[in-house]
2 protein chains.
Amino acid sequence: MTAAAALIGVDWGSTHLRAYLIDEDGSVLERSEWAACGAPALAIGEHAGALARAIAPWRGLELPILACGMVGARNGWREVPYRSAPADAASLRAGLLQAQPGVWLVPGVLDATDPDRVEVMRGEETQILGAREPDERAEEALAICPGTHSKWARLRRGSIVGLRTCVTGDLYAALRERWPGVEPASPAWAAFDRGVARGAREPLASALFSARADYATRRLQPEELPDYLSGLLIGAEIAACRDLAGAEAPLLIGAPALAARYGRAMRAQGLAEPSQRDAAACVARGLMRIWREKGER
Amino acid sequence: MTAAAALIGVDWGSTHLRAYLIDEDGSVLERSEWAACGAPALAIGEHAGALARAIAPWRGLELPILACGMVGARNGWREVPYRSAPADAASLRAGLLQAQPGVWLVPGVLDATDPDRVEVMRGEETQILGAREPDERAEEALAICPGTHSKWARLRRGSIVGLRTCVTGDLYAALRERWPGVEPASPAWAAFDRGVARGAREPLASALFSARADYATRRLQPEELPDYLSGLLIGAEIAACRDLAGAEAPLLIGAPALAARYGRAMRAQGLAEPSQRDAAACVARGLMRIWREKGER
C-alpha cells in the first residue's frame, strides 16, 4: 500500500497539523490530523517533537518531509523568507529552508508589486499550485481559498502573479461571538442572498450594521442572522476582489459547503461559478510539485 | 444646591446606567453612574429596582424621571416603538412610554426613508437633540456620535432627517481581542494616519488585512498595530458617511481623546473639523428639551 510513497507532506497552520503520505503523482496515500497543535501556539523547541509524533507511523520509510503554512512564519518553527510574486513551484523550491535534517519548510509568497499595498500568504501558495489538474493547460486562472483570511490569487502560466486577502472568516467568527442570533438547522438562503446583495453594494462598515438594524426592527429573525452576516461578508469580499476575476471558472479550494456559498454569491454577482477542489488533495499535489522541481538547489 | 432641579434624567445603555439631576436649563446638577447594570443585561422585573438604587439620593424631590437608550429596546425594560425620521423633540415626547408611575422611556428613531436600508438609534437621538447650544440657529447640522456603533445624523431645523451607522468600535474591540499588537504609551499618530488613508480608499474587507500583512513583513511594529487599526476603521467610517457631511463643522459628541482622532482623520480626508461636545451634557439637555415640549400628550 505504501510502495509508491515518495514524500511526507505537512500542512501546518495556526490551529492544525495535517500530515500526508504522498505518492509520486501527488496523491494522498495515508493521513493524520492533529488539532490544538498550531505552529504559532507551540513554544520554541516544541516543533520537532510535535512533528515526530504526527508522522511516527511513517518513521521507517525514510522519506523527505516538506511542510508549508504558518510553521514558516515569524512566530512558527523557523521563519522562512517570503518569495516575491510572480512565484511558481521552482521559485518556492529555491526558497525552501531546512528546519532540521530531512525536514524542509516551504516559503510563503509576498506580493509587493504595489509597495503601498503589500500582500502575503503562507500555506495557500502550495494549495494553489496544486489546485490544477495535470491536464489543465489554461494560461490564466483565478484561485480562491476561502477561510479566516480568504485569498484570491491570479495565476499566469503556473505562476502566482497577483494576490488579495479579505478577513472574511475572521470577521464572521468575531461578530458571531459578540452579536445576537441562533444557528439555523439548515442554511437560511434567502437571508444569505439578501446579505450578499447588501454587502456587495455598500461599504462594509455601514452594511454590517444592517444586521443589527434589521434584527431590531424584526426584518431579520434570530435564526436568519448568521447566514445574513455570512452573505454580507462574502458579498463584500467579492466586491473587493472582483477586478481579479476573469471569464474562466475560478478554482475554489475548500469544503463543498463553503463552495456552495461562494458559488451562489458569485453567480448572483455576475461572476463565473467556481469549480470546487479539495484542500487536502491540493496541498499534497502542491507539495509534490514543489519537491519535484529541478531548481537552483 | 438642588433648588432648581426639574428632572431626573437617565442614560441607560448596554453596559452603564448614568443618572443626572437636571435643572430647568438642562444643566447637570448632580450625577451617579452605575457600571455592570446594562439595560439588556438585567432580567425581566429587575429594572425598577436598579433604577430606584441609582436615583435613591434624589428620592425626596418627587421629580419626573425620563430615561433614554437601550432601556427601551426589545430586550430592555419595556420596548418603546421607534419614531420615524424626520424626528424632533416634539415627536420623541409624543412617543414616550410610561414604564411605571413617574418614569417615562424615550423612543428611539427609525429612518426607513429607503426601505432597503433601514437605520435605527436608541439614546443617541437624545444626545443629538441636546448637542446644539441654545443660541445655535443653523438650519443644517451634522452630528456624529462615535462609539461601538458610530452614528452620523443629519439635522434640519432641529429634526433628525437622515441617519447612518458604522460598527467601528465593535470591530475595533473584536479585532483587538483576536489580533496581535501591544497598546502604546501614547497614540502612534503616524500609524493612525496611514490607517486612515488606507481605510478611506480601499474596501474594508481587504484593507483590514493590511494590518496583518504589514505586521508580518515588519512594516508595522507591534505597538503601532492598535492605532493603525483604529485609523483604518475611522477612515472607512468617514468614507462610508461622507455624503452626509456639509461645509459646516460637525458636532462630535464624545470624549476629547476620541474627538482628536476624528478631527485628525476628517481633516486629512478634506472634511470640516468637528466641534467636540460632552456626551453627558448633551444627554441632560436633550432630555430636558424633550420633556419641555408641549406635544400632543
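Refer to the preceding data block for the structure.
First things first, this report covers the structure right here in the doc. (Residues numbered from 1 in each chain as written. Chains lettered and ligands numbered in written order. Predicted model: local features only at pLDDT ≥ 70, side-chain atom pairs only at ≥ 80, totals over all residues. Heavy atoms only, no water.)

**Focus: unusual backbone geometry**
Residues and elements named next belong to chain A. Let me state the cut-off plainly: For the purposes of this entry, the term helix denotes a DSSP run of H or I that reaches at least four residues, the term strand denotes a run of E that reaches at least two, and both are numbered from the N terminus. Partly exposed residues are those whose accessible area sits between 20% and 50% of the maximum for their type, while under 20% is buried and over 50% is exposed, using a 1.4 Å probe and protein chains only.
The omega torsion across Ala85 and Pro86 is 0 degrees, close enough to zero to call that bond cis. Position of Pro86 relative to the elements: it lies in the loop between β5 (83-84) and α2 (89-94). Notably, Glu62 is not glycine yet its phi reads approximately 50 degrees, a positive angle. Within the secondary structure, Glu62 is located in the loop between α1 (47-54) and β4 (65-68). Among the residues examined, Glu62 registers a relative accessible area of 72% and is labelled exposed.

**Description of the environment of B:Ser14**
Residue and element names in this part refer to chain B. How we decide: Any two residues having at least one pair of non-hydrogen atoms within 4.5 Å are treated as being in contact.
Looking at where Ser14 falls in the secondary structure, it is placed in the loop between β1 (5-12) and β2 (17-23). Along the backbone, Ser14 and Gly69 are 55 residues apart, and their C-alpha atoms lie at a distance of 8.1 Å. Once residues lying within four places of it in the same chain are set aside, the contact partners of Ser14 are Gly38, Ala39, Pro40 and Met70.

**A few points about the relation of the copies chain A and chain B**
Applied cut-off: The copies are overlaid by a least-squares fit using only the C-alpha atoms of residues whose pLDDT is at least 70 in both copies.
Between chain A and chain B, the superposition needs a rotation of 180 degrees and an axial shift of 0.0 Å, giving an RMSD of 0.0 Å. With respect to symmetry, the two chain copies, as superposed, fit the operation of a two-fold axis. A share of 100% of interface residues in chain A that are also interface residues in chain B marks the association as one of identical surfaces.

**Some remarks on the sheet that holds strand β4 (residues 65-68) of chain B**
One key point about sheets: their strands pair by backbone hydrogen bonds, in either a parallel or an antiparallel sense. All names here are of chain B. Quick reminder of the rule: Any two strands between which DSSP finds at least two bridges are classified as paired. Lines fitted to C-alpha atoms define the axes, with helix axes restricted to the stretch in contact, and inter-axis angles between N-to-C directions lie between 0 and 180 degrees.
An order of β3-β2-β1-β4-β7-β6 is seen for the 6 strands of this open sheet, with the pairing classed as mixed. In the strand order of this sheet, the two ends are held by β3 (28-34) and β6 (97-100), each with one partner. Taking the axes of each pair of neighbouring strands and ignoring which way they run, one obtains an average angle of 25 degrees across the sheet. Pairing geometry for β1 and β2, over 7 bridges, is antiparallel. Note that in β2 the partner of Leu7 across the bridge is Ile22. Lying on the sheet, helix α10 (residues 279-292) is in contact with β1, β2, β3, β4 and β7 (103-105); it crosses β1 at an angle near 120 degrees.

**What about the interface of chain A and chain B?**
For the record, the criterion: Here the buried area means the combined drop in accessible surface, using a 1.4 Å probe, for two parts upon being joined, counting both sides. For this analysis, a salt bridge means a side-chain nitrogen from Lys or Arg found within 4 Å of a carboxyl oxygen belonging to Asp or Glu. Identification of polar contacts relies on pairs of N or O atoms within 3.5 Å, with a donor-acceptor requirement for protein atoms, meaning one able to donate a hydrogen and the other able to accept it, and with residues adjacent in sequence counted only if both atoms are side-chain atoms.
Of the residues lining the interface, 42 residues belong to chain A; the matching set on chain B comes to 42 residues. Note on chain A versus chain B: buried area summed over both sides is about 3,700 Å², and carbon and sulfur give 57% of it. We note a salt bridge from B:Glu79 to A:Arg218, for which the minimum N-O separation is 3.0 Å. Here chain A is connected to chain B by 14 residue pairs in polar contact (both at pLDDT 80 or more). Looking at the side of chain A that touches chain B, the elements with two or more residues in it are β9 (119-121), β12 (159-166), α4 (168-178), α5 (189-201), α6 (204-207), α7 (209-216) and α8 (225-241) of chain A. The greatest single-element share of the side of chain A that touches chain B, amounting to 7 residues, is contributed by α4(A).

**Some points on the pattern of salt bridges**
Residues and elements named next belong to chain A. Scanning the entire structure with this criterion turns up 38 salt bridges over all chains. Of the charged contacts, one joins Glu33 and Arg18 as a salt bridge, the two residues approaching to 3.5 Å between their closest N and O atoms. Of this pair, Glu33 sits in strand β3 (residues 28-34) while Arg18 sits in strand β2 (residues 17-23); the two residues are 15 residues apart in sequence, bridging distant segments of the chain. Connected via shared salt-bridge partners are Glu140, Arg154, Arg156 and Glu248.

**A look at the packing of aromatic side chains**
Applicable threshold: For Phe, Tyr and Trp, where Trp contributes only its six-membered ring, two rings pair if their centres lie within 6.5 Å, and the inter-plane angle classes them as stacked under 30 degrees, edge-to-face over 60, or tilted in between. As a reminder, the over-ring test applies to NZ of lysine and CZ of arginine, requiring each to be within 6 Å of the ring centre and within 35 degrees of the ring normal.
One pass over the structure, following the stated rule, counts 6 aromatic pairs over all chains. When the centroid spacing of 6.1 Å and the interplanar angle of 70 degrees are considered together, the rings of A:Trp12 and A:Trp77 count as edge-to-face. Of this pair, A:Trp12 sits in strand β1 (residues 5-12) while A:Trp77 sits in the loop between β4 and β5, placing them 65 residues apart in sequence. Here A:Trp12 falls in the buried class, since its relative accessible area comes to 0%. Take A:Trp77: its relative accessible area is 18%, and that puts it in the buried class. The interplanar angle of 50 degrees and the centroid separation of 5.1 Å between the aromatic rings of B:Trp104 and B:Trp291 together place this pair among those described as tilted. Here the residue B:Trp104 occupies a position in strand β7, and B:Trp291 occupies one in helix α10, the gap between them amounting to 187 residues. For B:Trp104, a relative accessible area of 14% gives the class buried. The residue whose ring lies beneath A:Arg122 is A:Tyr82, and the NZ or CZ to ring-centre distance is 4.2 Å. Over the aromatic face of A:Trp179 sits the side chain of A:Arg212, whose NZ or CZ is 5.3 Å from the ring centroid.

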